[in-house]
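Structural overview for review
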Amino acid sequence: MCPVRPITVGFVSLGCAKNLVDSEVIATDLMTAGFQMASKPERADVVIVNTCAFIRDAQEESIAEVLAACRRKQRGHCRAVLVAGCMPQRYRREIQKLFPEVDAFIGLDELSRAGALIRRVLEGERGIATISPQARAVLEPSGQRLLFTGAPYAYLKIADGCNHTCTFCAIPQIRGRYRSRPVARIVAEAESLLARGVRELNLIAQDTTSYGNDLGARANLPALLKALGRLGGRFWIRLLYGYPRHLTEATLEVMSAVAQVCHYLDLPIQYSDSQVLRAMGRPDTEQSLRRLFARIRAVLPGVSLRTTCLVGFPGETERQFQNLLAFLSEIRFDHVAVFTYSNEENTPAVELPRAVPQVEAQRRQERLMLQQRLRVAAAAKARIGRCEELLVERYDPKRRVWLARSRGQAPEVDGLVYLQAPASSLKPGAFCRGRYVGAAGYDLRAVINNSTHINFDVCSRARPPATLA
Ligand code: SF4
């Protein structure tokens, strides 16, 4: 009798790192339930598209991927297509009509049921939609979470949902009210990741700075950072996606005191002009933001700052946009992402007058990015000759360099350091000191500093993080 071949599942994970963690958790559950992960969606029996529905561009990308997966099924290359995450959650009522070729839709609270749904589909059931009206859960892995990053860093979700009321944003409707994971669970997951060779924990949520507000007096971000620092050893902790108004003095002090915490802050300001911020439903003003960044620099000298801006918001004038450019130069952000505004159904901004034409919004986006590119180039030049601690990610045999990052560079979004060193001299997950010798766009080139001590003990007890087969 032929042995039964396990069913293989492939993922298309779209959107942000929060969605990536959800995909990793679903994959972990599926492995526990006896499914096998395919190295590529093209090689899978079942394809799960974990979608993003944040803005129009993200939705268009999600739709294209769903349709591509359905075409593969039509050609007989896979047996089933499931669509999960933000898009089914957001369009709960109409999604089945929009994509009749899809076998099952999975809402955010139902992600842990993916295995059962796949079995139902493979038994012949069609047109399944399991989507709660309101997302309330935080997805917890059933075992050691599979990592899709393929490098010695991982994302650690500390909360889900958002209680803010930014007038342009549909995320609170999609992801529900803010809810934090308990400190003990986050710390246990961090411990397990470190034991497997992860050397950088990137803390994520829709708003990391609100962590614990729903848990009672003793659970808060400073307490969580301290608890993670007490795990001991050499690793980095990085805070992503903060809300400027919620960054407290206590958090800054703990960031300064706990050695593992990178002096790096990702604080999406969205805009600087007070009038635009008010229309966006955000509590900051240009002055309060200016004070905040001055305070951050006072407590954390040399801090790396990342922000996100939204241009083309209804009513935005050329003068206000020029103010934004001036503000960004004044604060000297190291990393800036910029989106153009798009009308999102059921958000208050849709009702606002004086829409900015899309072509003008794109022009502003390009102007802003050009300014930022020039700033990054100048800042990179100024770093040449300096030494910094680097975390080694992997060897690139084509370029014959190691890919590494400094504490000031978050994975995937902030550029890399090309470290010139023989292939045999380093390992993924090692820390070393690099001396910058040049710059290339958003990336830097470095050599190992002669007097460096390469920290190999972290590698010897570390297995490479699990990735897809
Ligand atoms: S803080 Fe504002 S922009 Fe960010 S997820 Fe919440 S509502 Fe959306």
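Here is a short report on the structure shown in this document. (Residues numbered from 1 in each chain as written. Predicted model: local features only at pLDDT ≥ 70, side-chain atom pairs only at ≥ 80, totals over all residues. Heavy atoms only, no water.)

Relative to the elements of secondary structure, Lys18 occurs in helix H1 (residues 17-32). Despite being buried, Lys18 has no salt bridge partner; Asp160 is the closest side chain of opposite charge, sitting 7.8 Å away. Residue contacts for Lys18: discarding those within four places in its chain leaves Lys157, Ile204, Ala205, Gln206 and Tyr241. (Helix = DSSP H or I, 4+ residues; strand = E, 2+ residues; numbered from the N terminus. Buried < 20%, exposed > 50% of the residue type's maximum accessible area, 1.4 Å probe, protein only. Lys, Arg positive; Asp, Glu negative; His and termini not counted. Salt bridge = Lys/Arg side-chain N within 4 Å of Asp/Glu carboxyl O. Contact = heavy atoms within 4.5 Å.)

Once that is clear, we can look at the sheet that holds strand E3 (residues 46-51). In spatial order, the strands read E2-E1-E3-E4-E5-E6; together these six strands make up an open sheet with parallel pairing. The two strands at the open ends of the sheet, each matched to only one other strand, are strand E2 (36-37) and strand E6 (128-130). Relative to strand E5 (residues 104-106), strand E4 (residues 80-85) is paired through three bridges, and the arrangement is parallel. Bridged to Leu82 within E5 is Ala104. Of the strands in this sheet, strand E1 (8-13), E3 and E4 touch helix H2 (residues 56-74), which is tilted by about 170° from E3. Packing against the sheet, helix H5 (residues 114-122) makes contact with E1, E3, E4, E5 and E6, and its axis sits at approximately 150° to E4. (Pairing = 2+ DSSP bridges. Axes fitted to C-alpha atoms, helices over the stretch in contact; angles between N-to-C directions.)

A word on the pairing of strand E7 (residues 153-157). Within E7, five of the five residues are buried, which leaves the element mostly enclosed by the surrounding structure. Taking every second residue as pointing to the same face, both faces of E7 are buried, with Tyr153, Tyr155 and Lys157 on one and Ala154 and Leu156 on the other. In terms of strand pairing, E7 meets strand E10 (residues 200-204) through five bridges, oriented parallel. In the sheet register, Tyr153 faces E10, and the bridge partner there is Glu200.

The five strands are arranged E15-E16-E17-E19-E18 in a closed barrel whose pairing can be described as mixed. Across this sheet, the average inter-strand angle for adjacent strands is 50°, counted without regard to direction. The pairing of strand E15 (residues 387-396) with strand E18 (residues 431-440) spans five bridges and is antiparallel. When the bridges of E18 are listed, Cys387 appears paired with Arg435.

Everything listed here is a matter of coordinates, which is why it stays silent on function.
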